[in-house]
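Secondary and tertiary structure notes
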Amino acid sequence: YLFSGVPVSEYTSIGCHTCLWDYNNNDYHHWVYAENIDKILPPIVSTDTIFNKEISGKALNIGTGIHDSSAALLPYALSSTKPFLLISTGTWSISLNPFSGQILTKDDLENDCLHYMRTDGKPVRSSRLLLGSEYSLQVEKLATHFNRNKDYHKEVAFDENIFQNHLTTGGHFFHFECIHLPRPQPLKNSYDTFRNFEEGYHALMIELVELQVESAKRAIGNSAIELIYIDGGFVGNEIYIRILTHHFPQYAIYSTRAPLGSALGAAMIISEKTTDDNFLKEYYDLHQHVIDF
């Protein structure tokens, strides 16, 4: 509006930051009309709507604006020819599935599953996990216990023997503070089981990825997903990637690096340029991961 002077509403912001939308009827909830709120809301337009405006003597295309997660999803949606799940990792790890027609259940909502919206108003089945915050907290505690510097975890490589031994013995050893668990958990962290930082770190990652898998499966639902893309902060974590690949042998797993993904998606929605299958490989450092253990 600041640039175009035209007040509008668009789908991704309505779907991501309000409770106004009825996904069953693909319209505002009945109470929005009953309370006459619709009369003070700007008209809804598709997110690819363009306004032509001259600013400082230059003709510019002005977009409506787009929610950041929806923008980050867009390059994948425009480039991938197969149905996919995007796991966007960081402080929050958000699994985004733009190919689901399932309505959210009460159980979904109670387990942090929600709907975002595509630029055309269709739902994006999503689930959230406070992965990065829990990871940072637990790694710091682990480093303190084993008298390692705070960045030591970045030097730890995947060890198949440690991984297989942990799978054999099983168990949960960490008391998570940022993530609500669907299972009982220890009252405090149990470090005595581990001989060194490396063993403790592998156990931590196994438990965190276990929760990531549950979150991703909730977002997938009954969709016929074929690919999983992973981007964000955990792409550089070899142990996270390899354990996740181990849990999802039925999918093709790809990691991408796109630090400006949201900005790029926002530009793409009002661009006239088209993309193809090579777009992600060329601009997103696309890398496939396969199970090798």
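Here the structure is shown first, and the text comes after it.
These numbers were taken from a predicted model, which means no experiment stands behind them. (Residues numbered from 1 in each chain as written. Predicted model: local features only at pLDDT ≥ 70, side-chain atom pairs only at ≥ 80, totals over all residues. Heavy atoms only, no water.)

**Section: the packing of helix H5 (residues 131-145) against helix H7 (residues 197-220)**
Quick note on the threshold: Note on method: axes are straight lines fitted to C-alpha atoms, helices fitted across the in-contact stretch only, with angles between N-to-C directions ranging 0 to 180 degrees. Elements are defined by DSSP. Helices are runs of H or I of four residues or more, strands are runs of E of two residues or more, and each kind is numbered from the N terminus. Any angle that falls under 35 degrees is termed roughly parallel, while one over 145 is termed roughly antiparallel, one within 65 to 115 roughly perpendicular, and all others oblique. Each crossing gets its hand from how the near helix is turned against the far one by less than a right angle, where anticlockwise is left-handed and clockwise is right-handed. Between two residues, a contact is recorded if the distance between any of their heavy atoms is within 4.5 Å. Three residue categories are used. Nonpolar comprises Ala, Val, Leu, Ile, Met, Phe, Trp, Tyr, Cys and Pro, charged comprises Asp, Glu, Lys and Arg, and polar comprises the others, including Gly.
The contact between H5 and H7 brings their axes to 11 Å, and the two run at 165 degrees. Classified by the interaxial angle, the pair formed by H5 and H7 is roughly antiparallel. Handedness of the crossing formed by H5 with H7: right-handed. Of the residues in H7, those touching H5 at Leu131, Glu134, Tyr135, Gln138, Val139, Leu142 and Ala143 are Phe197, Gly200, Tyr201, Leu204, Met205, Leu208 and Gln212. Taken together, the residues of the contact of H5 with H7 sort by class into 10 nonpolar, 3 polar and 1 charged.

**Quick look at the pairing of strand E5 (residues 50-55)**
Short version of the rule: Whether two strands pair depends on DSSP finding at least two bridges between them.
Looking at chain direction, E5 and strand E6 (residues 58-63) are connected through 6 bridges and run antiparallel. Bridge pairing links Lys53 to Leu60 in E6. Linking two consecutive strands that pair antiparallel, namely E5 and E6, is a turn of 2 residues; a positive phi of about 55 degrees is found at Ser56 within it.

**Topic: H7**
For clarity, the cut-off: The length a helix should cover is 1.5 Å for every residue beyond the first. Under the scheme applied here, a residue whose accessible area is under 20% of the maximum for its type counts as buried, over 50% as exposed, and between as partly exposed, the area being computed with a 1.4 Å probe on protein chains only.
Here H7 spans 34 Å end to end across 24 residues, near enough to the 34 Å set by a 1.5 Å rise per residue. Of all 24 residues that make up H7, 19 are buried, and the element is covered over most of its length. Looking one or two residues past H7, Gly221 carries a phi angle of roughly 55 degrees, positive in sign.

**Overview of the side chain of Thr119**
Turning to its location among the elements, Thr119 is positioned in the loop between strand E9 (113-117) and strand E10 (123-129). Given a relative accessible area of 16%, Thr119 falls into the buried group. With sequence-adjacent residues up to four places away left out, Thr119 is seen in contact with Tyr11, Thr12, Ser46, Thr47, Ile66, Leu74 and Ile269.

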